[in-house]
Amino acid sequence: MHARAVAATTTALLGTAALLLPAPHARAGIATRPTVIAHRGASALAPENTLAAVDKAAELGIGWVENDVQRTRDGALVVIHDDSLRRTTNVEEMFPNRAPWKVKDFTTAEIARLDAGSWFGPAYAGTRVPTLEQYVDRVERHHQRLLLEIKNPELYPGIELQTLKLLGNEGWLDRRHLAERLIVQSFSADSVRTVHALKPGVKTGFLGTPAMADLPGYAEFADQVNPSYSSISRGYVSAVHAFTGPHGRPVEVFTWTVNDADTARAVAGYGVDGIITNKPDVVREALTPGF
Ligand code: G3P
Ligand code: CA
(Lines give C-alpha, C1' and ligand atoms only; values in the text may rest on other atoms or scores of the structure.)
(Ligands and ions follow the chains in the order given, each with its own letter.)
Protein backbone atom coordinates (compact mmCIF):
# COMPACT_ATOMS: atom_id res chain seq x y z
CA MET A 1 0.00 0.00 0.00
CA HIS A 2 1.24 3.54 -0.72
CA ALA A 3 2.62 5.23 2.40
CA ARG A 4 -0.02 7.99 2.12
CA ALA A 5 -2.79 5.40 2.01
CA VAL A 6 -1.26 3.62 5.00
CA ALA A 7 -1.19 6.89 6.90
CA ALA A 8 -4.82 7.61 6.05
CA THR A 9 -5.91 4.10 7.04
CA THR A 10 -3.96 4.27 10.26
CA THR A 11 -5.48 7.63 11.13
CA ALA A 12 -8.95 6.24 10.50
CA LEU A 13 -8.27 3.11 12.52
CA LEU A 14 -6.87 5.05 15.43
CA GLY A 15 -10.11 7.01 15.62
CA THR A 16 -10.94 7.74 19.22
CA ALA A 17 -7.63 6.29 20.40
CA ALA A 18 -5.98 9.30 18.77
CA LEU A 19 -7.83 11.44 21.27
CA LEU A 20 -6.19 9.55 24.12
CA LEU A 21 -2.64 9.22 22.83
CA PRO A 22 -0.24 12.02 21.94
CA ALA A 23 -0.06 12.43 18.17
CA PRO A 24 3.53 11.12 17.93
CA HIS A 25 2.43 7.60 18.92
CA ALA A 26 0.00 7.47 16.07
CA ARG A 27 2.56 8.24 13.38
CA ALA A 28 5.98 7.22 14.64
CA GLY A 29 5.54 3.57 13.69
CA ILE A 30 4.72 4.25 10.03
CA ALA A 31 7.69 3.26 7.91
CA THR A 32 9.07 5.13 4.92
CA ARG A 33 11.56 3.70 2.47
CA PRO A 34 14.42 4.39 2.94
CA THR A 35 14.06 4.70 6.70
CA VAL A 36 14.43 8.26 7.97
CA ILE A 37 16.56 8.64 11.10
CA ALA A 38 16.56 11.89 13.09
CA HIS A 39 20.25 12.70 13.61
CA ARG A 40 21.01 13.62 17.22
CA GLY A 41 17.21 13.83 17.41
CA ALA A 42 15.51 16.35 15.14
CA SER A 43 18.60 18.49 15.59
CA ALA A 44 17.77 21.23 13.08
CA LEU A 45 14.67 21.98 15.11
CA ALA A 46 15.74 21.46 18.73
CA PRO A 47 19.08 21.25 20.57
CA GLU A 48 20.95 18.12 19.50
CA ASN A 49 21.07 15.01 21.68
CA THR A 50 18.52 16.34 24.18
CA LEU A 51 15.13 15.00 25.19
CA ALA A 52 13.64 18.02 23.40
CA ALA A 53 15.18 16.77 20.13
CA VAL A 54 13.67 13.32 20.71
CA ASP A 55 10.30 14.92 21.45
CA LYS A 56 10.53 17.00 18.27
CA ALA A 57 11.23 13.90 16.18
CA ALA A 58 8.25 12.17 17.78
CA GLU A 59 6.05 15.20 17.14
CA LEU A 60 6.97 14.89 13.47
CA GLY A 61 6.13 11.20 13.52
CA ILE A 62 9.74 10.10 13.03
CA GLY A 63 10.24 6.58 14.32
CA TRP A 64 14.05 6.48 14.49
CA VAL A 65 16.46 8.72 16.41
CA GLU A 66 20.26 8.67 16.42
CA ASN A 67 22.35 9.72 19.42
CA ASP A 68 25.92 9.79 20.74
CA VAL A 69 26.97 8.23 24.03
CA GLN A 70 29.99 9.12 26.20
CA ARG A 71 30.95 8.82 29.90
CA THR A 72 31.32 11.24 32.81
CA ARG A 73 34.18 11.38 35.33
CA ASP A 74 32.19 9.35 37.84
CA GLY A 75 31.17 6.76 35.29
CA ALA A 76 27.67 7.64 34.08
CA LEU A 77 26.70 7.36 30.43
CA VAL A 78 25.48 10.64 28.96
CA VAL A 79 24.19 11.65 25.55
CA ILE A 80 26.38 14.25 23.87
CA HIS A 81 28.31 14.48 20.59
CA ASP A 82 31.53 16.39 21.23
CA ASP A 83 34.17 15.15 23.67
CA SER A 84 34.00 18.65 25.17
CA LEU A 85 30.97 20.28 26.76
CA ARG A 86 31.88 23.67 25.38
CA ARG A 87 29.90 23.93 22.13
CA THR A 88 26.52 22.70 23.31
CA THR A 89 26.36 23.86 26.94
CA ASN A 90 27.15 26.89 29.10
CA VAL A 91 30.04 25.04 30.79
CA GLU A 92 32.52 27.81 30.03
CA GLU A 93 30.41 30.31 31.96
CA MET A 94 29.64 27.90 34.81
CA PHE A 95 33.17 26.49 35.19
CA PRO A 96 35.53 29.09 33.69
CA ASN A 97 38.69 27.47 35.04
CA ARG A 98 38.08 23.94 33.78
CA ALA A 99 39.26 24.22 30.12
CA PRO A 100 39.12 22.27 27.84
CA TRP A 101 35.83 21.18 29.46
CA LYS A 102 36.02 17.50 28.51
CA VAL A 103 32.97 15.36 29.23
CA LYS A 104 35.22 12.80 30.94
CA ASP A 105 36.51 15.42 33.40
CA PHE A 106 33.11 16.46 34.76
CA THR A 107 30.91 14.60 37.23
CA THR A 108 27.35 13.64 36.44
CA ALA A 109 26.10 16.17 38.99
CA GLU A 110 28.13 18.97 37.41
CA ILE A 111 26.87 18.11 33.93
CA ALA A 112 23.29 17.94 35.21
CA ARG A 113 23.56 21.64 36.17
CA LEU A 114 24.52 22.78 32.67
CA ASP A 115 22.18 24.49 30.22
CA ALA A 116 22.29 22.50 26.97
CA GLY A 117 19.54 24.46 25.23
CA SER A 118 20.24 28.20 25.32
CA TRP A 119 22.96 27.98 22.66
CA PHE A 120 20.25 26.75 20.27
CA GLY A 121 17.59 29.28 21.20
CA PRO A 122 15.98 30.97 24.22
CA ALA A 123 12.93 28.71 24.01
CA TYR A 124 15.19 25.83 25.08
CA ALA A 125 16.86 27.51 28.06
CA GLY A 126 17.29 25.04 30.89
CA THR A 127 17.33 21.94 28.68
CA ARG A 128 19.75 19.40 30.17
CA VAL A 129 22.34 16.94 28.87
CA PRO A 130 20.43 13.68 29.30
CA THR A 131 21.83 10.55 30.83
CA LEU A 132 21.52 7.53 28.56
CA GLU A 133 18.95 6.13 30.97
CA GLN A 134 16.78 9.24 30.68
CA TYR A 135 17.23 9.20 26.94
CA VAL A 136 16.17 5.61 26.32
CA ASP A 137 13.23 6.05 28.66
CA ARG A 138 12.02 8.96 26.53
CA VAL A 139 12.59 7.07 23.27
CA GLU A 140 10.65 4.16 24.72
CA ARG A 141 7.82 6.43 25.83
CA HIS A 142 7.47 7.62 22.25
CA HIS A 143 7.64 4.05 20.90
CA GLN A 144 10.61 5.11 18.82
CA ARG A 145 13.68 3.16 17.72
CA LEU A 146 17.28 3.96 18.56
CA LEU A 147 20.45 4.14 16.47
CA LEU A 148 22.94 4.49 19.32
CA GLU A 149 26.48 5.65 18.54
CA ILE A 150 29.29 4.82 20.90
CA LYS A 151 31.30 8.01 20.50
CA ASN A 152 35.06 8.22 21.11
CA PRO A 153 35.24 4.72 22.66
CA GLU A 154 39.03 4.99 22.95
CA LEU A 155 38.45 7.55 25.75
CA TYR A 156 36.15 5.26 27.72
CA PRO A 157 37.49 1.73 28.25
CA GLY A 158 34.67 -0.75 28.78
CA ILE A 159 31.97 1.58 27.46
CA GLU A 160 30.57 -1.16 25.23
CA LEU A 161 29.83 -3.53 28.13
CA GLN A 162 28.53 -0.67 30.25
CA THR A 163 26.20 0.50 27.48
CA LEU A 164 24.87 -3.01 26.92
CA LYS A 165 24.28 -3.47 30.65
CA LEU A 166 22.31 -0.25 30.82
CA LEU A 167 20.29 -1.16 27.76
CA GLY A 168 19.55 -4.56 29.30
CA ASN A 169 18.48 -3.00 32.60
CA GLU A 170 16.16 -0.66 30.71
CA GLY A 171 14.51 -3.52 28.83
CA TRP A 172 16.15 -2.71 25.50
CA LEU A 173 17.75 -6.12 24.93
CA ASP A 174 14.60 -8.20 24.84
CA ARG A 175 13.63 -10.01 21.68
CA ARG A 176 11.37 -7.24 20.35
CA HIS A 177 13.93 -4.49 20.83
CA LEU A 178 16.72 -6.60 19.33
CA ALA A 179 14.60 -7.49 16.33
CA GLU A 180 13.45 -4.02 15.35
CA ARG A 181 14.14 -1.24 17.83
CA LEU A 182 17.91 -1.01 18.37
CA ILE A 183 21.12 -0.64 16.36
CA VAL A 184 24.50 0.14 17.97
CA GLN A 185 27.08 1.82 15.74
CA SER A 186 30.53 3.39 15.98
CA PHE A 187 33.34 4.83 13.88
CA SER A 188 35.57 2.41 15.76
CA ALA A 189 35.57 -1.06 14.17
CA ASP A 190 37.03 -2.42 17.41
CA SER A 191 34.11 -1.03 19.36
CA VAL A 192 31.53 -2.50 16.96
CA ARG A 193 33.36 -5.83 17.06
CA THR A 194 33.30 -5.74 20.86
CA VAL A 195 29.55 -5.06 20.95
CA HIS A 196 28.98 -7.95 18.57
CA ALA A 197 31.17 -10.31 20.63
CA LEU A 198 29.53 -9.33 23.94
CA LYS A 199 25.97 -9.53 22.71
CA PRO A 200 25.69 -11.16 19.28
CA GLY A 201 21.95 -10.55 19.13
CA VAL A 202 22.42 -6.78 18.89
CA LYS A 203 22.24 -5.33 15.39
CA THR A 204 25.40 -3.30 14.72
CA GLY A 205 26.66 -0.67 12.31
CA PHE A 206 30.15 0.45 11.30
CA LEU A 207 30.39 4.16 10.52
CA GLY A 208 32.61 4.78 7.55
CA THR A 209 33.26 3.80 3.94
CA PRO A 210 35.50 0.73 3.92
CA ALA A 211 37.22 -0.21 0.68
CA MET A 212 35.11 -2.73 -1.23
CA ALA A 213 37.89 -5.31 -0.81
CA ASP A 214 37.54 -5.00 2.96
CA LEU A 215 33.75 -5.40 3.09
CA PRO A 216 33.82 -9.19 3.74
CA GLY A 217 35.68 -8.57 7.01
CA TYR A 218 33.16 -5.96 8.16
CA ALA A 219 30.23 -8.22 7.28
CA GLU A 220 31.43 -10.66 9.95
CA PHE A 221 30.46 -8.31 12.77
CA ALA A 222 28.44 -5.43 11.28
CA ASP A 223 24.86 -5.58 10.01
CA GLN A 224 25.28 -2.13 8.52
CA VAL A 225 27.99 -0.09 6.83
CA ASN A 226 27.02 3.55 7.37
CA PRO A 227 28.97 6.02 5.20
CA SER A 228 28.89 9.75 4.58
CA TYR A 229 26.57 10.46 1.64
CA SER A 230 29.41 12.25 -0.15
CA SER A 231 31.45 9.06 -0.26
CA ILE A 232 28.97 6.70 -1.93
CA SER A 233 27.60 5.68 -5.31
CA ARG A 234 24.97 3.24 -6.51
CA GLY A 235 27.79 0.75 -7.13
CA TYR A 236 29.12 1.05 -3.60
CA VAL A 237 25.67 0.53 -2.06
CA SER A 238 25.14 -2.55 -4.25
CA ALA A 239 28.54 -3.88 -3.26
CA VAL A 240 27.63 -3.59 0.45
CA HIS A 241 24.26 -5.24 -0.13
CA ALA A 242 25.97 -8.20 -1.76
CA PHE A 243 27.39 -9.29 1.61
CA THR A 244 25.49 -11.16 4.28
CA GLY A 245 25.79 -9.72 7.77
CA PRO A 246 26.08 -11.56 11.09
CA HIS A 247 22.32 -12.02 11.30
CA GLY A 248 22.03 -13.67 7.91
CA ARG A 249 20.64 -10.69 6.01
CA PRO A 250 22.22 -8.42 3.40
CA VAL A 251 24.38 -5.75 5.00
CA GLU A 252 22.45 -2.48 5.04
CA VAL A 253 23.50 1.11 4.37
CA PHE A 254 22.33 4.06 6.46
CA THR A 255 23.95 7.19 5.06
CA TRP A 256 24.56 10.56 6.78
CA THR A 257 24.03 13.50 7.12
CA VAL A 258 21.56 14.41 4.39
CA ASN A 259 19.69 17.64 4.99
CA ASP A 260 18.20 18.58 1.62
CA ALA A 261 15.59 17.07 -0.67
CA ASP A 262 17.75 16.66 -3.78
CA THR A 263 20.45 14.72 -1.95
CA ALA A 264 17.82 12.63 -0.19
CA ARG A 265 16.30 11.62 -3.53
CA ALA A 266 19.74 10.93 -4.99
CA VAL A 267 20.87 8.59 -2.22
CA ALA A 268 17.45 6.92 -2.19
CA GLY A 269 18.10 6.23 -5.88
CA TYR A 270 21.37 4.55 -4.93
CA GLY A 271 19.31 2.07 -2.92
CA VAL A 272 20.33 3.05 0.62
CA ASP A 273 18.28 1.55 3.44
CA GLY A 274 18.31 4.60 5.70
CA ILE A 275 18.96 8.34 5.60
CA ILE A 276 20.28 10.00 8.75
CA THR A 277 19.28 13.66 8.81
CA ASN A 278 19.04 16.76 10.97
CA LYS A 279 15.86 17.62 9.02
CA PRO A 280 13.72 14.48 9.06
CA ASP A 281 10.64 16.41 7.97
CA VAL A 282 12.43 17.67 4.83
CA VAL A 283 13.83 14.23 3.93
CA ARG A 284 10.54 12.43 4.50
CA GLU A 285 8.70 14.95 2.33
CA ALA A 286 11.32 14.46 -0.40
CA LEU A 287 10.90 10.69 -0.29
CA THR A 288 7.16 10.56 0.22
CA PRO A 289 5.55 13.82 -0.94
CA GLY A 290 2.43 14.64 1.05
CA PHE A 291 3.12 11.99 3.70
O1 G3P B 1 25.03 8.58 12.55
C2 G3P B 1 25.94 9.15 11.71
C3 G3P B 1 26.61 10.37 12.24
O4 G3P B 1 26.14 10.67 13.52
C5 G3P B 1 28.07 10.32 12.26
O6 G3P B 1 28.69 11.56 12.52
O7 G3P B 1 29.84 13.20 13.87
O8 G3P B 1 27.38 13.32 13.66
O9 G3P B 1 28.41 11.54 15.03
P10 G3P B 1 28.56 12.42 13.82
CA1 CA C 1 26.51 10.39 15.79
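Cut-offs used in this document
- Residues numbered from 1 in each chain as written.
- Chains lettered and ligands numbered in written order.
- Predicted model: local features only at pLDDT ≥ 70, side-chain atom pairs only at ≥ 80, totals over all residues.
- Heavy atoms only, no water.
- Helix = DSSP H or I, 4+ residues; strand = E, 2+ residues; numbered from the N terminus.
- Buried < 20%, exposed > 50% of the residue type's maximum accessible area, 1.4 Å probe, protein only.
- Contact = heavy atoms within 4.5 Å.
- Areas by Shrake-Rupley, 256 points an atom, 1.4 Å probe, with all protein chains shown as cover.
- Near = heavy atom within 4 Å.
- Polar contact = N/O pair within 3.5 Å; in protein donor to acceptor, adjacent residues only side chain to side chain.
- Nonpolar A, V, L, I, M, F, W, Y, C, P; charged D, E, K, R; others polar.
- Donors = N, O, S within 2.8 Å, 3.2 Å for Na, K, Ca; no water.
- Salt bridge = Lys/Arg side-chain N within 4 Å of Asp/Glu carboxyl O.
- pLDDT = per-residue confidence, 0-100.
- Arc of directions from axis to C-beta.

**Thoughts on the overall build of the protein**
From N to C terminus, the protein includes 14 helices and nine strands. The burial tally for the protein puts 53% of its 291 residues in the buried class. Restricting the contact set of the protein to residue pairs at least 6 apart, pairs at least 24 apart contribute 61%. On the protein, roughly 12600 Å² of surface is accessible, and the fraction owed to carbon and sulfur atoms is 54%.

**Comments concerning the site of ligand 1**
Contacts to ligand 1 come from His39, Arg40, Glu66, Asp68, His81, Glu149, Lys151, Gln185, Phe187, Leu207, Trp256 and Ile276. At 3.0 Å, a side-chain N or O of Glu149 approaches an oxygen atom of ligand 1. Its free accessible area being 290 Å², ligand 1 has 91% of it covered by the protein chains. In terms of residue class, the shell around ligand 1 is made up of four nonpolar, three polar and five charged.

**What about the coordination of the calcium ion (ligand 2)?**
Protein ligation of the calcium ion (ligand 2) involves Glu66 (OE), Asp68 (OD) and Glu149 (OE), the donor distances falling in the range 2.1 to 2.3 Å. Read in sequence order, the donor residues for the calcium ion (ligand 2) give the motif E-x1-D-x80-E. A residue pair is termed long-range when its members are at least 10 positions apart, and Glu66 in strand β2 (residues 64-71) and Glu149 in strand β4 (residues 145-150) qualify at 83 residues. In this structure, Glu66 and Glu149 share a single accessibility class: buried.

**Examining the pattern of salt bridges**
Following the criterion strictly, the structure yields 16 salt bridges and no others. Notably, a salt bridge pairs Arg138 with Asp55, separated by 2.7 Å at the nearest N-O pair. Residue Arg138 is located in helix α7 (residues 132-141), and its partner Asp55 is located in helix α4 (residues 51-59); the two are separated by 83 residues in the primary sequence. Arg138 gets classed as buried once you look at its relative accessible area, which sits at 18%. Between Lys102 and Asp83 there is a salt bridge, with its nearest N and O atoms 3.1 Å apart. With a gap of 19 residues between them, Lys102 in the loop between α5 (91-94) and α6 (108-112) and Asp83 in the loop between β3 (77-79) and α5 connect regions that are remote in the sequence. The partly exposed category is assigned to Lys102, whose relative accessible area is 23%. Taken together, the salt bridges that share partners define one network made up of Arg40, Glu48, Asp82 and Arg87.

**What to know about the confidence of the model for the protein**
Averaged over every residue, the pLDDT of the protein is 92; residues scoring 70 or more account for 89%. β3 holds the highest mean pLDDT among the elements of the protein, 99, whereas helix α2 (residues 17-20) holds the lowest, 35. Low pLDDT, under 50, characterises residues 1-27; the predicted model gives this stretch 22 contacts beyond four residues in sequence or across chains.

**Some thoughts on unusual backbone geometry**
With omega at 5 degrees, the peptide bond leading from Ala99 into Pro100 counts as cis. Along the chain, Pro100 turns up in the loop between α5 and α6. That bond from Trp256 to Thr257 is cis: its omega, -25 degrees, falls within 30 degrees of zero. Tracing the backbone shows Thr257 in the loop between β8 (254-255) and α13 (261-270). The phi dihedral of His143 falls on the positive side, at around 60 degrees, and the residue is not glycine. Here His143 shows up in the loop between α7 and β4.

**Observations concerning helix α10 (residues 189-198)**
Ala189, Ser191, Val192, Val195 and His196 are the residues of α10 that are buried. Each buried residue of α10 sits inside an arc of 165 degrees when the element is viewed along its axis, so together they form one side. Opposite the buried face of α10, at more than 90 degrees from it, the exposed residues are Asp190 and Ala197. Buried residues in α10 make contact with β4, α8 (159-169), β5 (182-186), β6 (203-207) and α11 (215-218).

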